[in-house]
Amino acid sequence: MAFKFASRSCLIPLLRLGVMNIAVLLIFLLLAEFALRLAAIEKPAFYQFHPVRGFSHRPGAKGWWNQEGRGWVSINKAGFRDSNHAALPTKGVLRLAVLGDSFSETFQVNQEQTWWAQLQKQVMNKPGCTLISNYPKGLEVMNFGVGAYGTGQQLLTWRSDARHNKPNLVILAVFLGNDINDNTPAARNDRPYFYLDQNGELQINNDFRQSPASIFRNSLPGRSLNWLVEHSRIAQLLNEAKNRSANPIDPNSKSNQNGPPKVAPASPSGWALTEALIKQLNTEVNAEGAKLLVVSLTSPEQVWPERNQRPSQIFAKEKQLAALLQPLGIAYTALAPAMQQQVDQKGLILHGFGKAKGIGHWNINGHQLAATVLAQRICTDKQLIK
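Summarised in this report is the structure supplied together with it. A quick note: this is a predicted structure, and the numbers were derived from the prediction, not measured.

Rules used in this analysis
- Residues numbered from 1 in each chain as written.
- Predicted model: local features only at pLDDT ≥ 70, side-chain atom pairs only at ≥ 80, totals over all residues.
- Heavy atoms only, no water.
- Disulfide = S-S within 2.5 Å.
- Helix = DSSP H or I, 4+ residues; strand = E, 2+ residues; numbered from the N terminus.
- Buried < 20%, exposed > 50% of the residue type's maximum accessible area, 1.4 Å probe, protein only.
- Core = buried A, V, L, I, M, F, W, Y, C linked by side-chain atoms within 4.5 Å.
- Contact = heavy atoms within 4.5 Å.
- Pairing = 2+ DSSP bridges.
- Axes fitted to C-alpha atoms, helices over the stretch in contact; angles between N-to-C directions.
- Salt bridge = Lys/Arg side-chain N within 4 Å of Asp/Glu carboxyl O.
- Parallel < 35°, antiparallel > 145°, perpendicular 65-115°, else oblique.
- Left-handed = near helix turned anticlockwise from the far one by under 90°.

## Overview of the state of the cysteines
In a disulfide, the sulfur atoms of two cysteines are covalently bonded to one another.
Then, in step 1: Applying the stated criterion across every chain, the model contains 1 disulfide.
Then, in step 2: Between the sulfur of C129 and that of C379 lies a disulfide, 2.0 Å long from S to S. Since a negative S-S torsion denotes a left-handed disulfide, the C129-C379 link at about -90° is left-handed. Taken together, the residues span a long stretch of sequence, with C129 in the loop between α3 (115-125) and β6 (139-143) and C379 in helix α12 (residues 364-380) at a distance of 250 residues.
Then, in step 3: C129 gets classed as buried once you look at its relative accessible area, which sits at 6%.

## Focus on the nonpolar core
Then, in step 1: With 38 residues, the main nonpolar core has L96, W115, L119, V123, L335, M339 and W362 as its most contacted residues.
Then, in step 2: Those elements giving two or more residues to this core turn out to be β5 (94-99), α3, β6, β7 (169-174), β10 (291-296), α11 (336-346) and α12.
Then, in step 3: Beyond its immediate stretch of four places on either side in the chain, L96 contacts L119, L139, E140, V141, M142, L169 and I171.
Then, in step 4: In this structure, L99, L155, L156 and I180 belong to the second largest nonpolar core, which totals 34 residues.

## Digging into the sheet that holds β10
Strand pairing in a sheet relies on backbone hydrogen bonds. The paired strands run either parallel or antiparallel.
Then, in step 1: Spatial ordering of the open sheet is given by β6-β5-β7-β10-β11, a layout of 5 strands whose pairing is parallel. Here the strands that pair on one side only, and so sit at the sheet edges, are β6 and β11 (331-334). Ignoring which end each strand starts from, the neighbouring axes of this sheet average 20° apart.
Then, in step 2: Judged from the 6 bridges that link them, β7 and β10 form a sheet pairing that is parallel. Within β10, the position partnered with A173 by the bridge is V295.
Then, in step 3: Packing against the sheet, α12 makes contact with β7, β10 and β11, and its axis sits at approximately 150° to β11.

## A word on the pattern of salt bridges
Then, in step 1: Applying the stated criterion across every chain, the model contains 9 salt bridges.
Then, in step 2: Here R53 and D161 are joined by a salt bridge, their closest N and O atoms 3.1 Å apart. Placement of R53 in the loop between β1 (47-50) and β2 (54-57) and of D161 in the loop between α4 (151-160) and β7 is noted, with a sequence separation of 108 residues between them. Each member of the pair, R53 together with D161, is buried.

## Quick notes on the packing of α11 against α12
Then, in step 1: Orientation of α11 relative to α12, taken along the N-to-C sense of each, is 130°, at an axis distance of 10 Å. It follows that α11 is oblique to α12 by the angle criterion. Like other packed secondary-structure pairs, α11 and α12 cross with a definite hand, here right-handed. Within the contact between the two elements, α11 uses A338, M339 and Q342 and α12 uses G366, L369, A370, V373 and R377.

Next comes the structure, spelled out in structure tokens:
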């Protein structure tokens, strides 16, 4: 049986139809893109692949964060949620660098409401603050916090970015609700991880670079898709829908009727690695002529509005961290006890937004109180005064 090919006269109408359909689709997409921009609808992708830290903020990204709370987020040219800073500090200014996770990234509130932005103002306005007595031009705070980072990625952030800005003081903001477990050695396909070898030496595993997701992000299609998400509102909406389908919102997260969320106990291997990582960070910070201050934040259960629903031994992790840092001579301050006291005295709610009161990240009250407590501590801490 012989096959007959379509004649040229038959192909031309089909080609014209195809071209017309593509043209109509392009016009529709352009109109949709224009409409989204006219309505100021955007869902910027704030994160991108990073060959050293696994993922980082996307420099120049900006837009509203609505997944929890509501904050206008602007990522600076260095790739962090902060304003742009000069490469080196101004003479007469004490420069403070913050390393942390989502509690320092703080997408849930506007930048001026974050604890680290308020810390700068409070220290500058605190009469007799010994910390800045030798710095006539005051304090400059630089934020290097990125959501979901553990202490290992914070160490890498110090090496790749923060140390080059020559800070005088470095705050490692520790969220004891999950940081110790985040440090537990385990293979991840989205980031490097640290571990201790047989001799107790700190080692790093970068196998994430060979994961299918990492390989795709570094490929031409992956980089093209990345560019499209940066520049197209339609692509941003599709990316947002994909992320939400992959991480659906738990309906129970909106309810606090059963008390604070339970926190899993931290693993011994996580504690061992945390000690090694902080010790290494302290060594590297000191080598640059700066000082390290470890600050532990609050977990929702520690400042839960109903006292009788709080777990027992509520500051056990703070005590364990203090016992770990004291022999190393590393300055440490725990915010939870003082902030809990203020909650009990004034009836404050520090975590959560809307119906999810008491759970999740700090709200405006939490940031303000944290800045107040921390400003008082660092202004009088003799370990930090040169």
